[in-house]
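Okay, here's what each chain looks like letter by letter:
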Amino acid sequence: MIYCTTCGTANPKEAVYCMHDGLPLHKDFEVAEVKHNDMKPCLYCGTESIEGASYCYVCGESINELTQKQIKGHPHTVTFERISKNDVVKQAFMVIPFVMFSLLLIVMGIQLTTEEVDRNQNIASLQSPNIFTQYHNTVRHLDRLKFETTNGGGYERGTIPTEADEPHFSISEYMLLANGTSIKFSVEEMNHYDEANSSYHSYQMYFSLGVVHYLVIILIATFISAYLYSIWRKENHLTNQVVSSLMYAGWYALFFAILTLFVKDETVIEHDYADQSYLFNYPMIDTFWKSFLIASIVFFVGQLVWGKHKLPVVLSGVKVGAMWFLVILTLFYLGSTLFSLVTLTDSSYFNTVSKSSSFISLFIVIGQIAVLALNMGLLNVLYLKGSIFFEETLYYHLLTQELGFEVERVDPMFEAFFEPLYSSHLWFWVSMVVVFGLLFFAGQRVEFKNIKNQIWFISGFALIFAVLNSILAKGTTTSMKQLGDEGENYTRLTGFEFITTFGITLILVWLVVFMGVLLRRMMTKT
C-alpha cells in the first residue's frame, strides 16, 4: 500500500494519485499488495477504481462529480488511427462541395461590405503623418501603380486618377488580399541609345494591406463549412479530421493560386531609345502557402469545436481556447462597432478618406480597431517604419506609450504620427482589464484535477489563442517595400510582427489561465 502524505489514505501499490484527494503520491512507504474488492472502472481512463474512492488513482480525475445522466451519455475519447489510401482519396473529393460553399460565402460577404468609391475626393489637406494617414497614403500609392500598369506608363505627376479612367480592384483581388497575399509591382527598363551605350534598370515593390475585415469573413466562412462537414461526416477519429482539413485547405489554396493567373496586369511600351515593362500581380507561391495555412488551421479547429467526441487533453485545450478566442473577439468587435459609429460617422476627415478608396471603409476600420484593441490588452507591440524614421524601425509599447529605444534623428512631425494613439490611451487599459479578466475566468472553469493534465490543457488553450490572434494581427499590418538593383531602398510599415505577436500572446495567455487554475485549486483545498 502507498499512503498519501497529505490525508493519510491508503492507496493501491500501483497508484499515482490519491483516490481520496486526487493529489500526486510520493512512494515513500509501501506495504504488501492487497486484494481489490468491489472494483468499478474509471469513466475517463477505464482503470478499475476501489468503491468509495473520490478520484481515480491513475489519471487523477474525479469519480463522484459525474451524474448518472453524464455517465450514460459520456462520449468516448477519439484518437489517431491509421486510414487507407482509399479513405484519403475519398475525403479529398468529399470536401470539394464545402470548399465551393466557403468561396460562395466569401464572395457574398465581400460584395455586401465593399462600399462605392468616389475617386474625385479632394484629399490634399489630409496628408498629416500619423498611423492612419500612412495607411491611406499606401493605398493611394497602390491605386496609382495599378493605374500606371493598366494605362501604359502612367499619368502626369501630381494628378489624381478619376472615376472614368482608374480601374477598381475586383472581388477576386479582395479575396486574394484577404488571405494575406502580397501585391507585387515590377518595372523593367532597357535603354539602348546605340550598341555601345545601353543600360538596364529594374525595381520591385511589395505591398501588404491591412484588410482584416475580409480576413474575418474568410474565417467565418471556413468555420461554417467545418460545422456543416462535422454534422454530415461525423468523424470518429482524429486522423480523418486532419486529413479532411488538409484536403480542404489543398483545394482552397489551389483555387486562389490559379486565381492569381487571371488578375495580373501587364504592359510593355517600346520607344525608339528605351523599352519599358510594367507588371502588377499577386505571387502564386505566396498566395498558395498563406491560403493553405489559414484554411487548414481554421477547418481543423472548427471540426474540434463542433465535434461531440471526448478529445485528448491538449486538443481539449485547443477546442476551449478557440471558443474563448471567438467570444473575446466578438466582444471587441461589438465595442469597436459602437466606438466607430459614435466617433467616425460624424467625422468629416473619415468620410472624406473613406470615399477615396474601397480599402478604407467603416467595415474595415471596425475590424482594424477591434484587433488593435485586443492586442493592446495582450501587451503586444506595434511596429512602425517610414520615411520620417529614416532607417529605424520603431516599436511602440501601447500601454506605456514609450518607444523601445531612443531615436535622436526623428523628424518634428514624429509626435503627430503617434497622436491618434495618445488620444486613445484610456482604452488600452480597458482592453487589458477585459482580456485578463476573461482569461482568468476561463482558467477557473478548467475541469481537470490532475496538474499534469491541467498544464497540457492550458498549453493547447494558449497555443490556438496565439495562432488565431497572430493571424488577425498580421491581417491588420500594412507594409510597402521597394527593392531596387542594389537591394532594399525603401520600407513603410505599420502593424504587428507575426513571430513576436505569437510569442507574447502565447506566454501571456498561458500565465493568466494558469493563475485562474491555480486559484481554483487553492479554493478547492480550503
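Residues numbered from 1 in each chain as written. Predicted model: local features only at pLDDT ≥ 70, side-chain atom pairs only at ≥ 80, totals over all residues. Heavy atoms only, no water.

Trainee: Explain the overall build of the protein chain here, please?
Mentor: Within the protein chain one finds 15 helices and 13 strands. Taking all 526 residues of the protein chain together, the buried fraction comes to 48%. Here the contacts in the protein chain between residues at least 6 apart in sequence split such that 70% fall between residues at least 24 apart. Accessible area for the protein chain stands at about 26000 Å²; split by element, carbon and sulfur atoms hold 61% of it. (Helix = DSSP H or I, 4+ residues; strand = E, 2+ residues; numbered from the N terminus. Buried < 20%, exposed > 50% of the residue type's maximum accessible area, 1.4 Å probe, protein only. Contact = heavy atoms within 4.5 Å. Areas by Shrake-Rupley, 256 points an atom, 1.4 Å probe, with all protein chains shown as cover.)

Trainee: Can you help me understand unusual backbone geometry in this one?
Mentor: Backbone geometry follows two general trends: most residues other than glycine have a negative phi, and most peptide bonds adopt the trans configuration. With phi around 65°, L379 is a residue other than glycine that occupies positive phi space. What makes L379 partly exposed here is its relative accessible area of 36%.

Trainee: Would you mind going over the side chain of D286 with me for this structure?
Mentor: Considering the arrangement of structural elements, one finds D286 in helix 8 (residues 284-306). Residue D286 is classed as buried on the basis of its relative accessible area, which comes to 16%. When neighbours within four sequence positions are excluded, D286 is seen to be in contact with G180, T181 and S182.

Trainee: What am I meant to see in the packing of aromatic side chains here?
Mentor: The geometry of an aromatic ring pair is captured by two quantities: the separation of the ring centres and the angle between the planes. Summed over all chains, the structure comprises 18 aromatic pairs. Here the aromatic rings of Y248 and Y252 are separated by 6.2 Å at their centres, their planes lie at 15°, and the arrangement is stacked. Of this pair, Y248 and Y252 both sit in helix 7 (residues 238-259), separated by four residues, roughly a single helical turn. Assigned by exposure class, Y248 and Y252 land together as buried. Plain terms: the ring middles of F288 and F292 are 6.1 Å apart, the flat faces sit at 15° to each other, and that makes the pair stacked. Taken together, the positions of F288 and F292, both in helix 8 and four residues apart, correspond to about one turn of that helix. (Phe/Tyr/Trp six-rings, centres within 6.5 Å; stacked < 30°, edge-to-face > 60°.)

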